[in-house]
Amino acid sequence: FRCLMSSILITGGSGYIGSHTVVALISAGYNPVIVDNLSNSKITVLDRIETITGKRPPFYQIDLRDRAALDVVFQTHSISAAIHFGGLKAVGESVAEPLRYYENNIESTLSLCFVMAARGVKRLVFSSSATVYGDPHTVPIREDFPLAPANPYGRTKLMIEQILQDLYAADPAWQIALLRYFNPVGAHPSGLIGEDPGGHPNNLMPYISQVAVGRRERLSVFGSDYPTTDGTGVRDYIHVMDLAEGHLAALRYMEKAESLSPQRQEYKLNLSSPDSLSFPRRRESIPLIVNLGTGRGYSVLEMVSAFEKVSGKTIPWQITDRRPGDIAACYADAIRAKDLLGWTASRTLTDMCADTWRWQSQNPAGYP
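### Thoughts on the overall build of the protein
Across its full length, the protein carries 11 helices and 14 strands. What you see for the protein is a C-alpha radius of gyration of 20 Å, in line with the 21 Å of a compact globule of 368 residues. Judged by the C-alpha coordinates and their principal axes, the protein covers about 55 × 45 × 40 Å. Going through the 368 residues of the protein one by one, you find that 55% of them count as buried. For the protein, the exposed surface amounts to about 15100 Å²; the carbon and sulfur share of it is 50%. Distance from the positive charge centre (36 side chains) to the negative charge centre (37 side chains) of the protein: 4 Å.

If you want it as structure tokens, here you go:
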């Protein structure tokens, strides 16, 4: 049967960022529908979402490249928008397996857009990444900086951005937001959902937390000779619940833009003038583009120290060679997100570490 209540499609919705966004959407009164192939997530996350929110969102185990199966979801539910998280996301793995990344990430997005267009659903929030900037000439990073990703993962994100910009320029009915977010960490404060990477962690915080619970002997610090305060890489770490709320803010922004403009025109986005907001007769040929970050960076060793203070655990670490594709420092200029979306990251580094530790200590082996 066809569900009459409007729903939001969440691709990759049982994954780390997706599951937290599902919780944020339900809490805000939305009805998410999850599509995920479970390649990097567990079905048990649905039980946890239900415990937190009191609602169990519809779930479809589908590979996004399967257009026929995806179309059935649109036939079953009245989808009004999609938030697209689904994709492979490990930098190091993308360097080793570039073809797999190009095939999966780009074909998945094309499939989603084809089905959305066929069903007349043309509101899309895309989970992009700060990796599209590559090694920036300076920090903090603004949205109008040159785009030069340093690894295949980042290049897939940039290619998808370009595809969506072409789609947006060709068809004025589309509303598209490209959210370039920085380094998500932390977990829901309940400790029920969090980051549970399969195999060896590719990101810093789950590696630290797995050392803290005894799953790993020590942390490997990839490089100590970067031009930073202590020689280790600096990143803009953002609490995953702040990030989830950023997607909600982008969705509401597009809903408001549509309600104010019968012609479905977007706010004019002039990258050279962050304060420029207007409804032009002829809209700009770029979608909404915003960074989601805190606006400051922490080094690897600063993160280790902060986590030790919160957890009371000592984190053994050792310096190893630099990791291919990594850069020295990367943190956001987050002014545009505040100006356009009314969104800022509110949770502190202590919150990030405390929520990570609560999740990992309560779930030492991750999801069952």
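### A few points about unusual backbone geometry
Put simply, Val-139 and Pro-140 share a cis peptide bond, and its omega is 5°. Within the secondary structure layout, Pro-140 lies in the loop between strand S5 (123–129) and helix H6 (152–170). We note that Leu-38 has phi near 60°; this positive angle belongs to a residue other than glycine.

### Some thoughts on the sheet that holds strand S14 (residues 329–330)
Reading across from one edge, S12-S9-S14 is the order of the 3 strands in this open sheet, with mixed pairing throughout. Edge positions in the open sheet fall to strand S12 (298–299) and S14, since each of these has one partner strand only. Note that strand S9 (residues 234–235) and S14 share 2 bridges and pair parallel. Note on S14: the bridge partner recorded for Val-234 is Ala-329.

### Here we look at helix H9 (residues 300–311)
With 12 residues, H9 extends 16 Å from end C-alpha to end C-alpha; this agrees with the ideal 16 Å at 1.5 Å per step. By the burial criterion, the buried members of H9 are Val-300, Met-303, Val-304, Ala-306, Phe-307 and Ser-311. Buried residues in H9, looked at end-on, bunch into an arc of 165°, giving them a common side. As for H9, its buried residues are in contact with helix H7 (204–212), strand S8 (219–222), strand S10 (237–239), S12, strand S13 (317–320) and helix H11 (349–362).

### A closer look at the packing of helix H1 (residues 16–27) against helix H2 (residues 45–53)
Where H1 meets H2, the axes come as close as 10 Å, and the angle between the chain directions of the two elements is 30°. Judged by the angle between their axes, H1 and H2 are roughly parallel. Considering how the two elements wind past one another, H1 and H2 form a crossing that is right-handed. Contact residues: H1 offers Ser-19, Val-22, Val-23 and Ile-26, while H2 offers Val-45, Ile-49, Ile-52 and Thr-53.

### Structural notes on H11
The first and last C-alpha atoms of H11 sit 20 Å apart over 14 residues, in line with the 20 Å expected at 1.5 Å per residue. Turning to H11, its buried residues are Leu-349, Met-352, Cys-353, Asp-355, Thr-356, Trp-357, Trp-359 and Gln-360. Check the buried side of H11 and you find it contacts H2, strand S7 (183–185), H7, S10, S12 and H9.

### As for the packing of aromatic side chains
Applying the stated criterion to the full structure yields 2 aromatic pairs. Between Phe-307 and Trp-357, the aromatic rings sit 5.9 Å apart at their centres with planes inclined by 85°, giving edge-to-face as the arrangement. Here the residue Phe-307 occupies a position in helix H9, and Trp-357 occupies one in helix H11, the gap between them amounting to 50 residues. Among the residues examined, Trp-357 registers a relative accessible area of 16% and is labelled buried. Seen in terms of ring centroids, Trp-359 and Tyr-367 are 4.8 Å apart; in terms of plane orientation they differ by 55°. Their pairing is tilted.

### Some remarks on empty space enclosed by the protein
If a probe as big as a water molecule is rolled over the atoms, it shows which places are left empty. Scanning all chains against the criterion turns up 3 cavities of 30 Å³ or more. Considered as a void within the structure, the largest cavity measures approximately 50 Å³ in volume. In terms of lining, the largest cavity is formed by Tyr-16, Val-185, Gly-186, Glu-195, Met-205, Pro-206, Ser-209, Thr-356, Trp-359 and Gln-360. Listing elements by their share of the lining of the largest cavity, those giving two or more residues are H7 and H11. Of the residues that constitute the lining of the largest cavity, the class distribution is 5 nonpolar, 4 polar and 1 charged.

### Here we look at the confidence of the model for the protein
Here the protein averages 92 in pLDDT, and 92% of its residues register 70 or above. Predicted confidence for residues 262–283 stays below pLDDT 50, and this span has 59 contacts to residues more than four positions away or in other chains.

### What to know about the nonpolar core
Grouped together as the largest cluster of nonpolar side chains are 40 residues, with contacts concentrated most on Ile-8, Leu-25, Leu-179, Val-290, Leu-292 and Leu-341. At the level of elements, strand S1 (3–11), H1, H2, strand S4 (77–84), strand S6 (175–181), helix H8 (240–260), strand S11 (288–292) and helix H10 (335–341) are the ones that each hand at least two residues to this core. Looking at this core, the element that brings in the most residues is H8, giving 8 residues. Excluding residues within four positions of it along the chain, Leu-25 makes contact with Ile-8, Ile-10, Tyr-30, Pro-32, Ile-83, Leu-248 and Leu-251. Formed by 25 residues, the second largest nonpolar core is a distinct cluster that contains Ile-62, Val-73, Phe-74 and Ala-82.

### Some details on the side chain of Thr-356
Residue placement: Thr-356 occurs in helix H11. Only 2.7 Å separates the side chain of Thr-356 from the backbone oxygen of Met-352, close enough to count as a polar contact. Contact partners of Thr-356, with chain neighbours within four places excluded, come to Val-185, Gly-186, Ala-187, Met-205, Ser-209 and Phe-307.

Each value, and the rule that gives it
Residues numbered from 1 in each chain as written. Predicted model: local features only at pLDDT ≥ 70, side-chain atom pairs only at ≥ 80, totals over all residues. Heavy atoms only, no water. Helix = DSSP H or I, 4+ residues; strand = E, 2+ residues; numbered from the N terminus. Rg over C-alpha atoms; globule rule 2.2 N^0.38 Å. Buried < 20%, exposed > 50% of the residue type's maximum accessible area, 1.4 Å probe, protein only. Areas by Shrake-Rupley, 256 points an atom, 1.4 Å probe, with all protein chains shown as cover. Lys, Arg positive; Asp, Glu negative; His and termini not counted. Charge placed at Lys NZ, Arg CZ, Asp CG, Glu CD. Pairing = 2+ DSSP bridges. Expected span 1.5 Å × (residues − 1). Arc of directions from axis to C-beta. Contact = heavy atoms within 4.5 Å. Axes fitted to C-alpha atoms, helices over the stretch in contact; angles between N-to-C directions. Parallel < 35°, antiparallel > 145°, perpendicular 65-115°, else oblique. Left-handed = near helix turned anticlockwise from the far one by under 90°. Phe/Tyr/Trp six-rings, centres within 6.5 Å; stacked < 30°, edge-to-face > 60°. 1 Å grid on protein atoms, 1.4 Å probe; cavity = no way out; pocket = protein on both sides within 12 Å on 5 of 7 lines; lining within 4 Å. Points joined across faces, edges and corners; volume = space filled by probe spheres on them. Nonpolar A, V, L, I, M, F, W, Y, C, P; charged D, E, K, R; others polar. pLDDT = per-residue confidence, 0-100. Core = buried A, V, L, I, M, F, W, Y, C linked by side-chain atoms within 4.5 Å. Polar contact = N/O pair within 3.5 Å; in protein donor to acceptor, adjacent residues only side chain to side chain.

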